[in-house]
Amino acid sequence: MKRILVAEDSPRIRETITRYLREAGFDTLVATTGLEALRIVRDERPDVILLDGLLPQLHGFELARLVRAVDPGYHPAIVLVSGIYTNHSDRADACRRYGITHFVSKPFTREQLLEAVDQAARQIRAA
């Protein structure tokens, strides 16, 4: 079973994402700030990170960059869940600069979220 870190500061969105993932059979970890998420990444090494782009204490994009520096052998998929960075050029830039692997635009449906997570989980299996 893939472990997924949900890093989201909005209680409503965090609870919705966590419920969708648990109903789909994923093991979830939860963080409400960027610093808390970084600690969980270092301690727990989740397979997939669902990351809000605008987290308190540590911006989501900076967190993604730091995740890539945790350990050269650790390569989690990072799914950005955001209401910004919705056009193709912004997404390409985020992939290149921060190692984002998948995107989900807010607002999202259950199906959109789970499809991005399934793609990310397949990427992990293929690596």
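Further up the page is the structure itself.
Model, not experiment: these values are computed from the prediction. (Residues numbered from 1 in each chain as written. Predicted model: local features only at pLDDT ≥ 70, side-chain atom pairs only at ≥ 80, totals over all residues. Heavy atoms only, no water.)

Asker: An account of unusual backbone geometry is requested, with residue identities and associated values reported.
Answerer: With glycine set apart, most residues show a phi of negative sign, and most peptide bonds adopt trans. Between Lys106 and Pro107 the backbone carries a cis peptide bond, its omega angle lying at -5°. Note on placement: Pro107 falls in the loop between strand S5 (102-105) and helix H5 (110-126). The phi dihedral of Arg45 is positive, around 50°, even though this residue is not glycine. Position of Arg45 among the secondary structure elements: in the loop between helix H2 (34-44) and strand S3 (48-52). (Helix = DSSP H or I, 4+ residues; strand = E, 2+ residues; numbered from the N terminus.)

Asker: Go over the sheet that holds S3 with me, naming the residues and quoting the values.
Answerer: Reading across the sheet, the five strands line up as S2-S1-S3-S4-S5 and stay open at both edges, with parallel pairing between neighbours. Of all strands in the sheet, those bounded by a partner on one side alone are strand S2 (27-31) and S5. Averaged over all adjacent pairs, the angle separating strand axes in this sheet is 20°, with direction ignored. In this sheet, S5 lies alongside strand S4 (residues 77-82) in parallel orientation, the contact comprising four bridges. Looking across to S5, one finds that Leu80 is bridged to Phe103. Most of the contacts of H2 go to S2, to which it runs at about 140°, and overall it touches strand S1 (3-7), S2 and S3. Along the sheet, helix H3 (residues 60-68) contacts S3 and S4; its crossing angle with S3, the most-contacted strand, is approximately 155°. (Pairing = 2+ DSSP bridges. Axes fitted to C-alpha atoms, helices over the stretch in contact; angles between N-to-C directions. Contact = heavy atoms within 4.5 Å.)

Asker: Which residues make up the nonpolar core, and what are the values?
Answerer: In this structure, Leu5, Ile49, Leu51, Leu63, Val67, Ile78 and Ile100 are the most contacted members of the largest nonpolar core, which totals 23 residues. Elements that contribute at least two residues to this core include exactly S1, S2, H2, S3, H3, S4 and helix H4 (88-98). When residues no more than four places from it in sequence are discounted, the contact partners of Leu5 are Leu29, Val30, Ala31, Ala37, Ile40, Val41, Pro46, Val48, Ile49 and Leu50. Among the nonpolar cores identified, the runner-up in size contains 20 residues, and Ile4, Ile17, Leu114 and Ala116 belong to it. (Core = buried A, V, L, I, M, F, W, Y, C linked by side-chain atoms within 4.5 Å. Buried < 20%, exposed > 50% of the residue type's maximum accessible area, 1.4 Å probe, protein only.)

Asker: I'd like a rundown of the pattern of salt bridges, residues and numbers included.
Answerer: Applying the stated rule across the entire model yields eight salt bridges. Between Glu8 and Lys106 there is a salt bridge, with its nearest N and O atoms 3.1 Å apart. With Glu8 in the loop between S1 and helix H1 (11-23) and Lys106 in the loop between S5 and H5, this pair connects stretches of sequence that are 98 residues apart. Exposure remark for Glu8: the relative accessible area of 2% places this residue in the buried category. Since its relative accessible area comes to 22%, Lys106 is described here as partly exposed. Here Arg65 makes a salt bridge to Glu62, at a shortest N to O gap of 2.4 Å. Within this pair, Arg65 and its partner Glu62 are both found in helix H3, separated by three residues, close to a single helical turn. A relative accessible area of 38% places Arg65 in the partly exposed class. You can call Glu62 partly exposed: its relative accessible area is 27%. Overlapping salt bridges, with partners in common, bring together Glu8, Asp52 and Lys106 in one network. (Salt bridge = Lys/Arg side-chain N within 4 Å of Asp/Glu carboxyl O.)

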